[in-house]
Amino acid sequence: MPSSRRAVLAAMAAGALAGCAGPARTRDGASASGRPGAGTGSGTPSRTPRITGSAAAPAVTRADIVARYDRRKPRTWGFDAPGVVHALPTTQRVIALTFDACGGPGGSGYDRKLIDFLRRRGIPATLFLNSRWIDANPAIFRRLAAEPLFEIANHGTRHRPLSVTGRSAYGIAGTRNAGEVYDEVAGNHVKLSRLLGAPPRFFRSGTAYCDDIAARIVTDLGERFAGFTVNGDAGATFTPEEVRRTVTAARGGSIVICHMNQPTGGTARGIAAAVPHLLASGYRFVRLSDELH
């Protein structure tokens, strides 16, 4: 594991829960003004079809997954299972900002200042949304899903670490078997497919933990498991200065993980300080699908 990633994992261990199960936050449900600018992000992203239609279940059924994997024993546990994407396939000055919205008690807030900053500067991002967060913020979801600046990705149904043996991470109980892995991925896959009119391409589990068998199930369900290179806000526990310093240190090809569901945290101000510096240094920002084909 690269030393740059080792350095941030300790911080994540201390603060991973805050982004998803911290103190309850006040949701700002008001619509934000202003349209995405042509700006200094990565040009004009292509628009994904946004047609509400019938639910699109994965081609592989729950019974298929249980039959295929229920007796398999995992060999790994953590952030680095085979098949998990940790970086973009480039060393050029390109960075993917990704923001998780974890949902549930204390995790369904909305950092409007963060999203408004991205809109004003025309900064593309991939938004990993949990099913519970979508249910708590339907109007906000609809607007985010309609903006080509943002790509919507799957952050699970109940925000659980992805395990076939019930392993937990940071006190959050993981899925207990292959069938529950299917439920965690496919439940929100179906919801997003119905709401967006197209299935999500990327998945990130609650806490980003998984074992190698669970990671294979994600692939079988037609999604790519997206990890991270840089932990930008340590589960929304970093101060603005810590976020600025960490994100500014990102290098070409990095996938940065932060949170968009804790509006009282330091993420928005830290990102607003880091992005102009990176732009001035010649970096540009992309959605995951712009580089991962």
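Structure's up top.
What you are looking at is a predicted structure, and each value in this text was computed from that prediction instead of being measured. (Residues numbered from 1 in each chain as written. Predicted model: local features only at pLDDT ≥ 70, side-chain atom pairs only at ≥ 80, totals over all residues. Heavy atoms only, no water.)

Colleague: Just give me the short version of the side chain of T98, but keep the residues and values in it.
Modeller: By the secondary structure assignment, T98 is in strand β2 (residues 94-101). Among the polar contacts made by the side chain of T98, one reaches the side chain of R204 at a distance of 3.1 Å. Separated by 2.7 Å, the side chain of T98 and the backbone oxygen of V256 make a polar contact. If near-sequence neighbours (up to four positions away) are discounted, T98 is found in contact with T126, F128, R204, I255, V256, I257, C258 and L288. (Helix = DSSP H or I, 4+ residues; strand = E, 2+ residues; numbered from the N terminus. Polar contact = N/O pair within 3.5 Å; in protein donor to acceptor, adjacent residues only side chain to side chain. Contact = heavy atoms within 4.5 Å.)

Colleague: A description of helix α10 (residues 267-280) should follow, citing residues and the corresponding values.
Modeller: Under the 1.5 Å per step criterion, the end-to-end length of α10 is 20 Å for 14 residues, consistent within 8% with the ideal 20 Å. Among all positions of α10, only T267, A268, G270, I271, A274, V275, L278 and L279 are buried. When α10 is viewed along its axis, its buried side chains cluster within an angular range of 145 degrees and face the same direction. Those residues of α10 that are exposed and aimed more than 90 degrees away from the buried face are R269 and A280. Buried-residue contacts for α10 involve β2, α4 (112-121), α9 (240-248), β9 (255-259) and β10 (284-286). Directly after α10, the chain includes G282, whose backbone phi takes a positive value near 95 degrees. (Expected span 1.5 Å × (residues − 1). Buried < 20%, exposed > 50% of the residue type's maximum accessible area, 1.4 Å probe, protein only. Arc of directions from axis to C-beta.)

Colleague: Which residues make up the pattern of salt bridges, and what are the values?
Modeller: One pass over the structure, following the stated rule, counts 14 salt bridges. D220 is the partner of R68 in a salt bridge, and the nearest nitrogen-oxygen pair spans 2.9 Å. Placement of R68 in helix α3 (residues 62-69) and of D220 in helix α8 (residues 212-220) is noted, with a sequence separation of 152 residues between them. Residue classification places R68 among the partly exposed residues on the basis of a relative accessible area of 38%. Between R160 and E180 there is a salt bridge, with its nearest N and O atoms 3.3 Å apart. Linking R160 in the loop between β4 (150-154) and α7 (178-196) with E180 in helix α7, this pair joins segments that are 20 residues apart in sequence. Classification of R160 by relative accessible area gives buried; the value is 12%. Bridged by salt links that share partners, the residues R112, D116, R119, R143 and E147 form one connected network. (Salt bridge = Lys/Arg side-chain N within 4 Å of Asp/Glu carboxyl O.)

Colleague: Account for the packing of α9 against α10, naming residues and giving values.
Modeller: Relative orientation of the contacting elements α9 and α10 amounts to 35 degrees, with a least axis distance of 7 Å. The handedness of the crossing between α9 and α10 is right-handed. Along the contact surface, α9 presents P240, V243, R244, V247 and T248, while α10 presents T267, R269, G270, I271, A273, A274, H277 and L278. When the residues that make up the contact of α9 with α10 are grouped by side-chain class, the tally is seven nonpolar, four polar and two charged. (Axes fitted to C-alpha atoms, helices over the stretch in contact; angles between N-to-C directions. Left-handed = near helix turned anticlockwise from the far one by under 90°. Nonpolar A, V, L, I, M, F, W, Y, C, P; charged D, E, K, R; others polar.)

Colleague: Before we move on, could you go through the environment of V243 and cite the residues and values that matter?
Modeller: Within the secondary structure, V243 sits in helix α9. Note: C-alpha distance between V243 and I271 (28 residues apart in sequence) is 6.7 Å.

Colleague: Break down the nonpolar core for me, citing the residues and quoting the values.
Modeller: Judged by nonpolar contacts, the single largest core of 41 residues is most densely connected at L97, F99, L118, L144, M260 and I271. Considering every element that reaches this core, the biggest residue donor is α10, with six residues. For L118, the residues in contact, after removing those within four places along its chain, are L97, F99, I123, A125, L149, F150 and I271. (Core = buried A, V, L, I, M, F, W, Y, C linked by side-chain atoms within 4.5 Å.)

Colleague: Account for the side chain of H86, with residues named and values stated.
Modeller: Within the secondary structure, H86 is located in the loop between β1 (77-78) and β2. A polar contact of 3.0 Å, which involves the side chain of H86, links it to the side chain of D80.

Colleague: Please provide a residue-by-residue account of the environment of F150, values included.
Modeller: Within the secondary structure layout, F150 lies in strand β4. On the basis of relative accessibility, which here comes to 0%, the residue F150 falls in the buried class. A C-alpha to C-alpha distance of 9.9 Å links F150 and G122, two positions 28 residues apart in sequence.

Colleague: Break down the packing of aromatic side chains for me, citing the residues and quoting the values.
Modeller: Taken as a whole, this structure holds six aromatic pairs when the rule is applied. Seen in terms of ring centroids, F79 and F228 are 5.2 Å apart; in terms of plane orientation they differ by 75 degrees. Their pairing is edge-to-face. Residue F79 is found in the loop between β1 and β2, and its partner F228 is found in the loop between β7 (224-225) and β8 (230-231); the two are separated by 149 residues along the sequence. As far as the burial class goes, F79 and F228 line up, both buried. Centroid distance F203 to F225: 5.6 Å. Interplanar angle 75 degrees. Geometry classified as edge-to-face. Of the two residues, F203 sits in strand β5 (residues 202-203) while F225 sits in strand β7, which places them 22 residues apart along the sequence. Through successive ring pairs, a cluster of aromatic residues spans W77, F79, Y170, Y209 and F228. Over the face of the ring belonging to F128 we find R204, whose NZ or CZ atom lies 4.2 Å from the ring centre. (Phe/Tyr/Trp six-rings, centres within 6.5 Å; stacked < 30°, edge-to-face > 60°. Lys NZ or Arg CZ within 6 Å of the ring centre and 35° of its normal.)

These figures come from the coordinates and say nothing about function on their own.
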